[in-house]
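Observations on the model geometry
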Amino acid sequence: MKTIDFYTNLIKDSIDQNFLNERLSDPELDIHKILVLHELLKEREDYTALVHATMLVQIALNTHDNVTKNFDESTLKEQQLTVLAGDYYSGIYYHLLSNQSDITVIRQLAVAISEMTQLKMDVFYTEYGTVAELLSDYQKIEMKLIDKMAEYVKKTADLEYLTDWAMLKRLEYELVRLMQGTTTFLQQLILQQTRDTLSFDDLKHGLIHQYNLQQQQIQDKLQTGSYHALLPQNIDLYGWKQLKDNELVHGEVSKLMNQ
């Protein structure tokens, strides 16, 4: 948690801008990705700058995604500001990396952005039959920046566990937000692009089913020695355990978790 707090404060300080603060919500950080990037890069001298810059790229891309899928002429000014905010975050990333003597990392991230854009176009305009099918493709987008940084530091052998772990935590995040009544970008995407998901109840059932499968897959691979745990599975980044155990939802959620 100290690692998360350190990077969260670092990132928030670097993107603090009064004009945007007054008009837009703070961008939400993918804190599971902070931990994955820190794990991959912590042996490098410049690991802090690399994690910081990569997360700024992620924030910029997430910000632009909100415009891509939520464009509404009635909130045109807010949408324009959101685009500008994404560009602003990108500018900070370029500024940070301009101080790096090794331009390879800039090239790696540029390739990642290009590949993510192509993958997004494929996913955003494909109709899927099930949540599982969509998430299988979405995971490639979710992990693209991490893949490229793993290549950069030659630690691709660690990617399989970190990819599985990151997806598990992303599913926990989505379930927490869904049960709190907050609709996320990924939830909207699933509802719009998946034929078997017609309601929020369908969405909840689909996400919990995928969560169970993801958790079991990790356990199976650990038991067979396919990989080893680099980050603890039981770390609760988003309040999932507390919500799951809450008496108001415990009966329904525990039933679905055991299906």
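Use the structure listed above.
Since this is a predicted model, take the numbers as computed values, not measurements.

Some points on the pattern of salt bridges
Counting across every chain of the model gives 14 salt bridges. Lys221 serves as the salt-bridge partner of Glu160, at 2.8 Å between the closest nitrogen and oxygen. Linking Glu160 in helix α9 (residues 159–179) with Lys221 in helix α11 (residues 200–224), this pair joins segments that are 61 residues apart in sequence. On the basis of relative accessible area, Glu160 is assigned to the partly exposed category, the value being 39%. One connected set of salt bridges, linked through shared partners, spans Asp30, Lys33, Glu142, Arg170 and Glu174.

Some words on the environment of Leu56
Inspection of the secondary structure puts Leu56 in helix α4 (residues 47–70). Judged by its relative accessible area of 0%, Leu56 falls in the buried class. Once the C-alpha coordinates of Leu56 and Ile11 are considered, the two residues, 45 residues apart in sequence, prove to be 7.4 Å apart.

Quick word on the side chain of Gln108
Relative to the elements of secondary structure, Gln108 occurs in helix α6 (residues 104–124). Assessed through its relative accessible area of 15%, Gln108 is described here as buried. Among the polar contacts listed, one links the side chain of Gln108 to the backbone oxygen of Lys148, at a separation of 2.8 Å. Excluding anything up to four places from it in sequence, Gln108 contacts Lys148, Glu151 and Tyr152.

A few points about the packing of helix α7 (residues 131–142) against α11
Contact geometry of α7 with α11 gives a least axis separation of 10 Å together with a crossing angle of 60°. Taken together, the axis directions place α7 and α11 in an arrangement best described as oblique. Judged by the sense of rotation from one axis to the other, the crossing of α7 with α11 is right-handed. Across from Val131, Ala132 and Leu135 in α7, the residues of α11 making contact are Gly206, Leu207 and Gln210.

What to know about the packing of helix α3 (residues 31–41) against helix α8 (residues 144–152)
Geometrically, a packed helix pair is captured by the angle between its two axes and the distance between the axes. Following both chains from N to C, one finds α3 and α8 inclined at 10°, their axes separated by 10 Å at the closest point. Between α3 and α8, the angle falls in the class roughly parallel. On the side of α3, the interface is formed by Lys33, Val36, Leu37, Leu40 and Leu41, while α8 contributes Ile146, Met149 and Ala150. Classifying every residue of the contact of α3 with α8 by side-chain character gives seven nonpolar, no polar and one charged.

Basis of the calculations
Residues numbered from 1 in each chain as written. Predicted model: local features only at pLDDT ≥ 70, side-chain atom pairs only at ≥ 80, totals over all residues. Heavy atoms only, no water. Salt bridge = Lys/Arg side-chain N within 4 Å of Asp/Glu carboxyl O. Helix = DSSP H or I, 4+ residues; strand = E, 2+ residues; numbered from the N terminus. Buried < 20%, exposed > 50% of the residue type's maximum accessible area, 1.4 Å probe, protein only. Polar contact = N/O pair within 3.5 Å; in protein donor to acceptor, adjacent residues only side chain to side chain. Contact = heavy atoms within 4.5 Å. Axes fitted to C-alpha atoms, helices over the stretch in contact; angles between N-to-C directions. Parallel < 35°, antiparallel > 145°, perpendicular 65-115°, else oblique. Left-handed = near helix turned anticlockwise from the far one by under 90°. Nonpolar A, V, L, I, M, F, W, Y, C, P; charged D, E, K, R; others polar.

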